[in-house]
Amino acid sequence: MDLPLVVGVDGSEPSLRAVDWAADEAALRGVGLRVVYASLWERYEGDSLAEDLGKPSEEVLAEDVVESAARRARERHPDLKVTPVVLPEEPEYALVHEGRQASAVVVGSRGRSGVAEFLLGSVSLTVAAQADCPVIVLRGNQDKQAVPGTHGRVVLGVGEDGAESPAVRFAVGEAQLRGVPLEAVRAWRCPAHETTDHPLMAGEPARLHEQRAVEALEGALHDVPAEADVRRRTVEGHARRVLADLSHDADLLVVGAKRREGHFGLQLGRVAHAVLHHSACPVAVVPGPVRPK
């Protein structure tokens with residue numbers, strides 16, 4: 001049985017946009033949608049109780065938020081199986097746990113506390129850094145629907161090693177679901193100490209590094225089905241800046257995230273961390289295989 005898609009909600013406008021996007025994505029995949037509200041409401045109930053219902057006021061709020069979000073998803077896609085869920089847990093840990101039995105987790109860029117936060121909400125960042133499944137963080141202005149996209153392409157950032165295969169598979173699948181091309185990008189740079197002003201040597205270091213980028217790109221895409229519409233591209237520059245620039249003309253940006261055995265902190269890598277903060281379109285962070293310490 002296909003695993004459902006999970007979307008986190010908290011009643012904020014970004015989370016409601018996440019519901020719209022997740023409903024489209026679930027309908028595209030032909031899977032169910034779990035709408036999850038998580039909060040430790042017992043911390044906040046104080047003297048204010050919803051006496052008529054005999055429940056803490058925060059719990060009543062949670063049920064209202066999640067039911068409203070679920071109704072929104074059903075109205076958008078009447079045939080979609082939508083399951084509202086309220087969990088008495090910290091939201092980031094609840095969504096990470098939900099992701100163990102999900103095809104992907106969708107979250108807004110920030111929630112109700114976003115005014116006090118930096119560029120990306122702490123819940124979104126934690127879930128993207130720790131989940132076992134792909135996490136889609138809705139960045140940019142075109143995050144109200146998964147399809148039809150504004151730009152008609154999915155962009156994949158190809159990293160330095162072979163650990164990107166889950167990201168490659170995910171990106172190919174997303175592009176095929178949408179019926180759009182996949183642009184696979186490998187950024188490269190020529191270190192300053194390898195440049196030379198000698199006219200006979202000018203350009204040689206750059207060509208070498210560009211060729212290595214081409215070879216890395218081909219290696220990462222080796223197992224992609226022949227029928228997939230994949231366009232290969234190498235670009236000179238820092239990967240995080242290259243991908244952030246390309247996100248302005250993409251409907252989805254896909255990057256890999258490294259996972260290390262026994263490591264419980266944020267496991268993203270500099271490139272994934274940077275694009276989550278600066279992308280102009282939704283970002284899918286796809287965890288790679290767990291590596292030994």
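Scroll up a little and you will see the structure.
For the structure given in this document, a descriptive report is provided here. Bear in mind the structure is a predicted one, so any value in this text is a computation, not a measurement. Within each chain, residue numbers correspond to sequence positions counted from 1 in written order. Predicted model: local features are reported for residues with pLDDT of at least 70 only, side-chain atom pairs are reported and counted for 80 or more only, and whole-chain, interface and lining totals are derived from all residues. Only hydrogens and water are removed before side-chain values are computed, so all heavy atoms of the structure are retained for them.

1. Quick notes on the overall build of the protein
In step 1: Helix and strand definitions follow DSSP, with helices as H or I runs of at least four residues and strands as E runs of at least two, each counted in order from the N terminus. Per the secondary structure count, the protein includes eight helices and 12 strands.
In step 2: Using a 1.4 Å probe on the protein chains alone, a residue whose accessible area is under 20% of its type maximum counts as buried, one over 50% counts as exposed, and one in between counts as partly exposed. Counting the 293 residues in the protein, one finds 50% classified as buried.
In step 3: Of the contacts formed within the protein by residues at least 6 apart in sequence, a portion of 78% connects residues at least 24 apart.
In step 4: Calculation of accessible area relied on Shrake-Rupley with a 1.4 Å probe; when residues are assessed, cover is drawn exclusively from the protein chains displayed. Here the protein has roughly 14800 Å² of accessible surface; of this, 50% comes from carbon and sulfur atoms. In what follows, residue pairs with any heavy atoms lying within 4.5 Å of each other are defined as contacts.

2. A word on the pattern of salt bridges
Proximity of charged atoms lets side chains of opposite charge pair with each other.
In step 1: What counts as a salt bridge is simple: a side-chain nitrogen of Lys or Arg found within 4 Å of a carboxyl oxygen of Asp or Glu. If you walk through the whole model with that rule in mind, you get 13 salt bridges.
In step 2: One salt bridge connects R178 with E25, and the closest N-O pair in it is separated by 2.9 Å. Remark: E25 occurs in helix 1 (residues 13-29) and R178 occurs in helix 5 (residues 165-178); sequence separation between them is 153 residues.
In step 3: Judged by relative accessible area, R178 falls into the buried class, the value being 14%.
In step 4: Since its relative accessible area comes to 0%, E25 is described here as buried.

3. Details of a positive patch on the surface
In step 1: Surface patches are drawn from residues lacking salt bridges whose relative accessible area is over 30%; two like charges belong together within 9 Å, two nonpolar side chains (Val, Leu, Ile, Met, Phe, Trp, Tyr) within 5 Å. Residues scored as positive are Lys and Arg, those scored as negative are Asp and Glu, and His as well as the terminal groups of each chain are ignored. For charged residues, the charge sits on one atom: NZ in Lys, CZ in Arg, CG in Asp, CD in Glu. A cluster of basic residues, R189, R240, R241, K258 and R270, forms a positive patch on the protein surface.
In step 2: Turning to its location among the elements, R189 is positioned in the loop between strand 9 (182-188) and helix 6 (204-220).
In step 3: Residue classification places R189 among the partly exposed residues on the basis of a relative accessible area of 46%.

4. Re the pairing of strand 1 (residues 5-8)
In step 1: Alternating positions in strand 1 separate into two faces, L5 and V7 on one and V6 and G8 on the other, with burial throughout.
In step 2: For two strands to be treated as a pair, DSSP must find at least two bridges joining them. With four bridges joining them, strand 1 and strand 2 (residues 33-38) adopt parallel strand pairing. The residue bridging V6 from the neighbouring strand is R34, located in strand 2.
In step 3: Remark: the strand 1/helix 1/strand 2 crossover connection has right-handed handedness.
In step 4: Bridge analysis of strand 1 against strand 6 (residues 104-108) gives three bridges, and the strand direction is parallel. What sits directly across from V7, in strand 6, is V106. The handedness rule is simple: strands pointing away from the viewer, and a clockwise path from the first strand over the helix to the second, make the crossover right-handed.

5. Notes on the environment of V85
In step 1: Examined against the element boundaries, V85 turns out to sit in strand 5 (residues 82-87).
In step 2: Separated by 15 residues in sequence, V85 and A70 place their C-alpha atoms 9.4 Å apart.
In step 3: Setting aside its immediate chain neighbours within four residues, V85 contacts R34, V35, V36, Y37 and V66.

6. Some details on the pairing of strand 2
In step 1: Counting buried residues along strand 2, five of its six residues qualify, which places the element largely inside the surrounding structure.
In step 2: One ladder, built from six bridges, connects strand 2 with strand 5; its direction is parallel. Bridge pairing in strand 5 links L33 to V82.

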